[in-house]
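Chain by chain, the residues run as shown.
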Amino acid sequence: MDFLRRMMAGRYGSDQLNNALLLIGLVLLVIEWITGWRWMSAFVLALLLLCYFRMFSRNIQVRYAENQRFLRWWGPIGTRLRNARLRFQDRKTHRYFKCPNCKQHLRVPRGRGKINITCPHCHQSFIRKS
């Protein structure tokens, strides 16, 4: 374990971009196994080599900047995916409505009949069946 610690000293290591590249590589590997497309192994190998290059790189500032660009691109997508997952988990207990005035998403308990919903953002009131 001490050998690994000494070897990685001064190197960048892994980050979210590396994790995404590895996940894409695994998905491509599964697609290759299912479809039998052997030419895809070149892309998987290239992704693995890129991951290892980034991980063992000593140019920490450049790798950090790459990761920040990836996170700026992935941020809105990841937020949408997380929100969709939470809405799916809440589907039996809550309903979601969009405010007609400011388009804010509002969560209300399910099964209350017709209720008056007041948007906390713009204070617009509207009636919906929950």
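This report concerns the structure included in the present document. (Residues numbered from 1 in each chain as written. Predicted model: local features only at pLDDT ≥ 70, side-chain atom pairs only at ≥ 80, totals over all residues. Heavy atoms only, no water.)

1. Brief notes about the side chain of Asn67
- Among the structural elements, Asn67 can be located in helix H4 (residues 60–89).
- Polar side-chain contacts of Asn67 include one of 3.2 Å to the backbone nitrogen of Leu17.
- Contacts of Asn67, omitting those with residues within four sequence positions, involve Tyr12, Asp15, Gln16, Leu17 and Arg54. (Helix = DSSP H or I, 4+ residues; strand = E, 2+ residues; numbered from the N terminus. Polar contact = N/O pair within 3.5 Å; in protein donor to acceptor, adjacent residues only side chain to side chain. Contact = heavy atoms within 4.5 Å.)

2. Some thoughts on the layout of surface pockets
- When its volume is computed, the largest pocket comes out at roughly 220 Å³.
- Arg80, Asn83, Ala84, Leu86, Arg87, Tyr96, His105 and Arg107 are the residues that line the largest pocket.
- The biggest single contributor to the lining of the largest pocket is H4, with 5 residues.
- When grouped by side-chain class, the residues that make up the lining of the largest pocket number 3 nonpolar, 2 polar and 3 charged. (1 Å grid on protein atoms, 1.4 Å probe; cavity = no way out; pocket = protein on both sides within 12 Å on 5 of 7 lines; lining within 4 Å. Points joined across faces, edges and corners; volume = space filled by probe spheres on them. Nonpolar A, V, L, I, M, F, W, Y, C, P; charged D, E, K, R; others polar.)

3. What about the pattern of salt bridges?
- The full count for this structure, using the stated rule, is 7 salt bridges.
- Here Arg5 ties to Asp2 by a salt bridge, and the two come within 3.5 Å at their closest N and O atoms. Of this pair, Arg5 and Asp2 both sit in helix H1 (residues 2–8), 3 residues apart, roughly one helical turn.
- Taken together, the shared-partner salt bridges connect Asp15, Arg54, Arg63 and Glu66 into one network. (Salt bridge = Lys/Arg side-chain N within 4 Å of Asp/Glu carboxyl O.)

4. Digging into a nonpolar patch on the surface
- A contiguous nonpolar surface patch, about 790 Å² in accessible area, is contributed by Met1, Phe3, Leu4, Met7, Leu22, Leu48, Tyr52 and Phe56.
- With respect to the secondary-structure elements, Leu4 resides in helix H1. (Patch = residues over 30% accessible without salt bridge, like charges linked within 9 Å, V, L, I, M, F, W, Y side chains within 5 Å. Areas by Shrake-Rupley, 256 points an atom, 1.4 Å probe, with all protein chains shown as cover.)

5. Description of the nonpolar core
- Among the nonpolar cores identified, the biggest contains 9 residues, and these are Leu17, Ala20, Leu21, Leu28, Met40, Val44, Leu47, Cys51 and Phe70.
- Taken together, the elements giving at least two residues each to this core come down to helix H2 (16–35) and helix H3 (40–56).
- Excluding residues within four positions of it along the chain, Met40 makes contact with Leu28, Ile31 and Glu32. (Core = buried A, V, L, I, M, F, W, Y, C linked by side-chain atoms within 4.5 Å. Buried < 20%, exposed > 50% of the residue type's maximum accessible area, 1.4 Å probe, protein only.)

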